[in-house]
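Examining the three-dimensional arrangement
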Amino acid sequence: MSTDTAVHLSPPRVFAAEWLKVRTLRSFRACAVAAVVVAIGGAALAGSAYTDPAFAEGMTARDAATDVISWSSAVLQIPVLVLAVLVLSSEYTGGAVRVTFVAVPRRISVMAAKALVVAVVATLVATLSLGLGYVAALPLLDRAGRSGVPFGTVLSLLGGGIGYCVLVALFAFAVTLVVRNTAAGIGLTLGAVLLLRVVLAVLDIWVEFDLAGLAFSAAASRLMTDPFSLALPVVLAWMAVPATFGAVAVVRRDA
């Protein structure tokens, strides 16, 4: 009996079970396809802007590549965010999480495995989507004379976009850990990621302080280009608050 229990509670087994759940989730394929489509669309839209000589004047090939990947990751974050929310909320909505907690009574271990799965899935989806998006935009950039960016530079830019999407996914997961609801998780995360930055930017007009830099999306973007900036504690705070409350809720509240 003890041997069977050890097998059930081992972290690799828990991760494998959570990975299987995500792969069999109905919305997984839909979100993955949507991610590829919107990423390619965002990259193509940014690339097409450089075919206008007036717009492209004074812009370098690196500027063009940066814009393409930035636009692509900006729209990609939405399906990635939705997928991260569904990884957790779908179990609570259907009540399947009770079965999970029976098999693995250590609830924090379950949530840690889910968070790891979210990070892995976000990395894979973002890598594929941003890569295809950049490839799709290359003919447009070549037509505009803004191609020829070194491969290492492209990898660096793609890494920043991938890292940003992973942070958004983990933040969405942490928020959902607290609310346990699909609509609330998506709504609150979208508000924090997209709307709050705009609101703080408007408030910057009256306050002599960089409030917009305190928004999650702004801090996460800056963190990808300057890992040792003040954006690091801002991102950590955004992550830690919902993760802490969510962990307490998972342990103390009924499933």
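Conventions and cut-offs
Residues numbered from 1 in each chain as written. Predicted model: local features only at pLDDT ≥ 70, side-chain atom pairs only at ≥ 80, totals over all residues. Heavy atoms only, no water. Axes fitted to C-alpha atoms, helices over the stretch in contact; angles between N-to-C directions. Helix = DSSP H or I, 4+ residues; strand = E, 2+ residues; numbered from the N terminus. Parallel < 35°, antiparallel > 145°, perpendicular 65-115°, else oblique. Contact = heavy atoms within 4.5 Å. Nonpolar A, V, L, I, M, F, W, Y, C, P; charged D, E, K, R; others polar. pLDDT = per-residue confidence, 0-100. Expected span 1.5 Å × (residues − 1). Bend = angle between axes of the 7 residues up to and from the residue. 1 Å grid on protein atoms, 1.4 Å probe; cavity = no way out; pocket = protein on both sides within 12 Å on 5 of 7 lines; lining within 4 Å. Points joined across faces, edges and corners; volume = space filled by probe spheres on them.

Thoughts on the packing of helix α5 (residues 61-94) against helix α6 (residues 96-103)
Direction vectors running N to C along α5 and α6 enclose 100 degrees, while the axes themselves pass 5 Å from each other. It follows from the interaxial angle that α5 and α6 lie roughly perpendicular. For the pair α5 and α6, contact is made by Glu-91, Tyr-92 and Gly-94 and by Ala-96, Val-97, Thr-100 and Phe-101, respectively. A per-class count over the contact of α5 with α6 returns 4 nonpolar, 2 polar and 1 charged.

What to know about the confidence of the model for the protein
The predicted coordinates ought not to be read in detail in places where the model reports low pLDDT. Overall, the prediction assigns the protein a mean pLDDT of 89, with 96% of residues at 70 or greater. Across residues 1-7 the pLDDT falls below 50, and counting only partners more than four positions away or on other chains, this stretch makes 1 contact in the model.

Some words on helix α7 (residues 107-143)
With 37 residues, α7 should reach 54 Å at 1.5 Å per residue; the first-to-last C-alpha distance of 54 Å fits that figure. A bend of about 35 degrees at Ala-137 is the largest found in α7, and the proline Pro-139 appears one to four places after it. Looking one or two places after α7, you find Gly-145, whose phi comes out positive at around 75 degrees.

Side note on empty space enclosed by the protein
Taken as a whole and assessed by the stated rule, the structure comprises 1 cavity of 30 Å³ or more. The calculated volume of the largest cavity comes to roughly 40 Å³. For the lining of the largest cavity, the element with the most residues is α5, which contributes 4 residues. Partitioned by chemical class, the residues of the lining of the largest cavity number 8 nonpolar, no polar and no charged.

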